[in-house]
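Geometric and topological summary
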Amino acid sequence: MPRLRPFIGAALVLIASALIVAAPAAASSCVGAETEAEALSHPDLEATVTCLINEERAKVGVRPVRGSASLRQAALGHTQAMVRDGFFEHTSPSGRTFIDRISNTGYMRGARRWLVGENLVWGSGSQSSPQAMVERWMGSPAHRANLLRGRFRELGVAAVRGTPFNANDDTGVTVSSEYGFRTGKQVHPLRRHR
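Residue positions are counted from 1 within each chain, in the order its sequence is given. Local features in a predicted model are, by the rule used here, given only for residues with pLDDT of at least 70; side-chain atom pairs are given and counted only at 80 or more, and totals for whole chains, interfaces and linings are based on all residues. Only heavy atoms go into the side-chain values, all of them from the structure, while hydrogens and water stay out.

Some words on the pairing of strand β4 (residues 172-183)
Worth spelling out the cut-off: Each residue is placed in one exposure class: buried if its accessible area under a 1.4 Å probe, protein chains only, is under 20% of its type's maximum, exposed if it is over 50%, and partly exposed if it falls in between. Only DSSP runs of H or I with at least four residues qualify as helices, and only runs of E with at least two residues qualify as strands; both kinds are numbered from the N terminus onward. One requirement defines pairing of two strands: DSSP has to find at least two bridges between them.
Within β4, eleven of the twelve residues are buried, which leaves it mostly tucked inside the rest of the structure. In the sheet, strand β2 (residues 113-124) pairs with β4 via twelve bridges, with the strands oriented antiparallel. By the bridge assignment for β4, Ser 124 is matched with Gly 172. Sheet analysis places strand β3 (residues 154-161) next to β4, joined by eight bridges and oriented antiparallel.

Description of the packing of helix α2 (residues 42-59) against helix α5 (residues 130-138)
Basically, it comes down to this: To obtain an axis, a line is fitted to C-alpha atoms, over the contacting stretch when the element is a helix, and the angle between two such axes runs from 0 to 180 degrees between their N-to-C directions. Any angle between 65 and 115 degrees counts as roughly perpendicular, while under 35 counts as roughly parallel, over 145 as roughly antiparallel, and the rest as oblique. Here a crossing is called left-handed whenever its near helix is offset anticlockwise from the far helix by less than a right angle, and right-handed whenever the offset is clockwise. Between two residues, a contact is recorded if the distance between any of their heavy atoms is within 4.5 Å. Each residue is assigned to one class: nonpolar for Ala, Val, Leu, Ile, Met, Phe, Trp, Tyr, Cys and Pro, charged for Asp, Glu, Lys and Arg, and polar for all the others, Gly among them.
Orientation of α2 relative to α5, taken along the N-to-C sense of each, is 40°, at an axis distance of 9 Å. Overall, the two elements α2 and α5 adopt an arrangement that is oblique. Judged by the twist between their axes, the crossing of α2 over α5 is right-handed. Here Leu 45, Thr 48, Val 49, Leu 52, Ile 53 and Glu 56 of α2 come into contact with α5, specifically with Pro 130, Gln 131, Met 133, Val 134, Trp 137 and Met 138. For the contact of α2 with α5, a count of residues per class yields nine nonpolar, two polar and one charged.

Considerations on the state of the cysteines
Heads up, the rule is: Disulfides are defined in this document as cysteine sulfur pairs within 2.5 Å.
For the coordinates displayed, the defined rule picks out one disulfide. Through a disulfide, Cys 30 is tied to Cys 51; the S-S separation comes to 2.0 Å. Judged by the torsion about the S-S bond (-85°), the Cys 30/Cys 51 disulfide is left-handed. Here Cys 30 is found in the loop between α1 (4-22) and α2, whereas its partner Cys 51 is found in helix α2, with 21 residues between them in sequence. Among the residues examined, Cys 30 registers a relative accessible area of 6% and is labelled buried.

Quick look at the confidence of the model for the protein chain
Here is the rule we go by: In predicted models, pLDDT denotes the confidence assigned by the predictor to each residue on a 0 to 100 scale.
In the predicted model, the protein chain carries a mean pLDDT of 85, and 81% of its residues have values of at least 70. Ignoring residues within four places in sequence, the model shows residues 1-25, a span with pLDDT below 50, making zero contacts including any to other chains. Residue range residues 186-194 is modelled with pLDDT below 50. Its contacts to residues more than four positions away, or to other chains, number one contact.

A word on helix α6 (residues 141-148)
Every buried residue of α6 is accounted for by Asn 146, Leu 147 and Leu 148. Check the buried side of α6 and you find it contacts α2, β2, α5 and β4.

Thoughts on the pattern of salt bridges
Rules: One speaks of a salt bridge when a side-chain nitrogen belonging to Lys or Arg is within 4 Å of a carboxyl oxygen belonging to Asp or Glu.
One pass over the full model with this rule turns up five salt bridges. Between Glu 46 and Arg 72 there is a salt bridge whose closest N-O contact spans 2.9 Å. Taken together, the positions of Glu 46 in helix α2 and Arg 72 in helix α3 (residues 69-85) put the pair 26 residues apart, joining distant regions of the chain. Using a relative accessible area of 30% as the deciding quantity, one classes Arg 72 as partly exposed. Glu 56 serves as the salt-bridge partner of Lys 59, at 3.3 Å between the closest nitrogen and oxygen. You can see Lys 59 and its partner Glu 56 sitting in helix α2, three residues apart, about one turn around the helix. According to the relative accessible area criterion, Lys 59 is exposed, its value standing at 60%. On the basis of relative accessibility, which here comes to 14%, the residue Glu 56 falls in the buried class.

What to know about the nonpolar core
Note the threshold: What is meant by a nonpolar core is a set of buried Ala, Val, Leu, Ile, Met, Phe, Trp, Tyr and Cys residues, joined one to another through side-chain atoms within 4.5 Å.
Grouped together as the largest cluster of nonpolar side chains are 24 residues, with contacts concentrated most on Leu 45, Ile 53, Trp 137, Leu 147 and Val 175. Leu 45 has contacts with Ala 37, Leu 40, Pro 130, Met 133, Ala 159, Arg 161, Val 173 and Val 175, leaving out every residue within four places of it along the chain. Listed in part, the seven residues of the second largest apolar core include Leu 71, Ile 102, Tyr 107 and Val 116.

Some thoughts on the sheet that holds strand β1 (residues 66-67)
Two strands in a sheet stick together by hydrogen bonds in their backbones, pointing the same way (parallel) or opposite ways (antiparallel). Strands sit in the order β1-β3-β4-β2 across an open sheet of four strands; the sheet is mixed. Two strands close off the open sheet at either side, each with one partner strand: β1 and β2. With respect to the sheet, α2 is in contact with β3 and β4, its orientation differing from that of β3 by roughly 140°. Contacts between α6 and the sheet are confined to β2 and β4, with β2 contributing the most and set at about 125° to the helix.

Spelled out as structure tokens, the structure:
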């Protein structure tokens, strides 16, 4: 019987491991997370993507990102161009990079240091829900790194109906998320006069 005890212990470990792996992911508390894009307004879709990003950051102990109008402006312009002009790249056909687009909004003006990043995704039908799109980012090491980078403090999310491959796809949506961090100009302490 003593030889059976280690076997039973090993079998229990395997069963417990299988149960952990098979456990479904926790449901999101973000409203509309599993709703297909065509049933969400642009502001609701963007807010839900932002909520899901912050949920993912919280899971790993990273502080949430807050909205930035400048980053959203850069995201919106690029997303509109991708759907309108039929491309899906971080660099536009004219050669503008995400750094160029973010810089043109004034986001980095006056900053001593800055760091920016960009994630792009599109989906149609069941693949257009905010949850499905954020899951695709989390499944890609480079996109996951942007999403979870602790130095990022701000975010701009923009969603546009249609896809880069079919601008008239009523069930499709294209989303850009621009991430940023910046520090202000160096401030010298006031000198006290005696």
